[in-house]
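Each chain, written out:
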Amino acid sequence: MKTFFRIVPLLAILFVVTSCSSVRVAADYDKNASFEDYKTFAFFKTGIDKAEISDLDKRRILRAIEAELLAKGYTKSDNPDLLVSLFTKSQQRVDVYNNAWGYGAWGWGPGWGPGWGWGWNQPSVTTSTQGTLFIDLIDANKKELIWQGMGTGYLSRNLEKKEERIKEFVTKIMEKYPPGVTQ
């Protein structure tokens with residue numbers, strides 16, 4: 001039984017760590033689109049300019065999308081079959097852990113000697129940002145959305161890990177494209 005109580009907190013910590021690092025993805029598409037007919041792509045500047053993120057992050061995302069599409073056999077073109085657009089959403093999460101009661105410190109006081117007491121603990125506050133990246137693929141001739149991929153996960157504040165995290169988002173989302181193909 002003691003072993004059980006030692007393992008439960010470790011499993012809980014493992015669950016929290018792995019759930020925070022993953023990207024949850026989903027995709028939707030036009031079932032009437034012939035995805036095998038699309039061979040070339042370009043970025044839809046008008047749509048990308050509306051994304052409310054820094055230009056540096058936009059470039060990171062676009063480079064990652066371009067790498068994924070090139071790896072799938074697509075070619076970048078001035079006269080594309082597909083237009084690529086994106087937009088983002090973010091949500092700030094604040095967690096307050098308020099375990100207000102606890103044991104006071106042991107020490108000497110102005111009274112008759114050492115003792116224990118009760119006291120207030122300082123609440124701990126943490127913040128994290130959950131972001132959602134949408135990648136839209138638009139039929140360039142019809143100007144219709146044919147595929148949309150979405151990835152949601154926690155964003156890194158560490159600048160060294162930001163590019164890696166963006167690539168992870170894009171890779172996981174683009175695994176869903178084209179629809180019906182298992183990777």
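In this text, all values refer to a predicted model and were calculated from it rather than measured experimentally.

> So what about unusual backbone geometry? Which residues, and what values?
Cis geometry marks the peptide bond from Tyr-177 to Pro-178; its omega dihedral reads -10°. By the secondary structure assignment, Pro-178 is in the segment after helix H4 (159-174). The phi angle at Lys-143 is positive, at roughly 55°, despite the residue not being glycine. As for its placement among the helices and strands, Lys-143 is situated in the loop between strand S9 (124-139) and strand S10 (144-154). According to the relative accessible area criterion, Lys-143 is exposed, its value standing at 60%.

> I'd like a description of helix H3 (residues 55-71), backed by residues and values.
Given a rise of 1.5 Å per residue, 17 residues ought to cover 24 Å, and the 24 Å separating the end C-alpha atoms of H3 matches this to within 8%. For H3, the complete set of buried residues consists of Asp-57, Lys-58, Arg-60, Ile-61, Leu-62, Ala-64, Ile-65, Glu-68 and Leu-69. Along its buried surface, H3 packs onto strand S2 (40-43), helix H2 (45-49), strand S4 (82-97), S9 and H4. In the stretch just after H3, Gly-73 is the one whose phi turns positive, near 95°.

> Talk me through the nonpolar core; I want residue IDs and the actual numbers.
Counting 27 residues, the largest nonpolar core has Ile-135, Trp-147, Val-170 and Tyr-177 as the members making the most contacts within it. Elements with a minimum of two residues in this core: H3, S4, S9, S10 and H4. Beyond its immediate sequence surroundings of up to four residues, Val-170 is in contact with Ile-61, Ala-64, Ile-65, Glu-68, Leu-133 and Ile-135.

Thresholds, definitions, all that
Residues numbered from 1 in each chain as written. Predicted model: local features only at pLDDT ≥ 70, side-chain atom pairs only at ≥ 80, totals over all residues. Heavy atoms only, no water. Helix = DSSP H or I, 4+ residues; strand = E, 2+ residues; numbered from the N terminus. Buried < 20%, exposed > 50% of the residue type's maximum accessible area, 1.4 Å probe, protein only. Expected span 1.5 Å × (residues − 1). Contact = heavy atoms within 4.5 Å. Core = buried A, V, L, I, M, F, W, Y, C linked by side-chain atoms within 4.5 Å.

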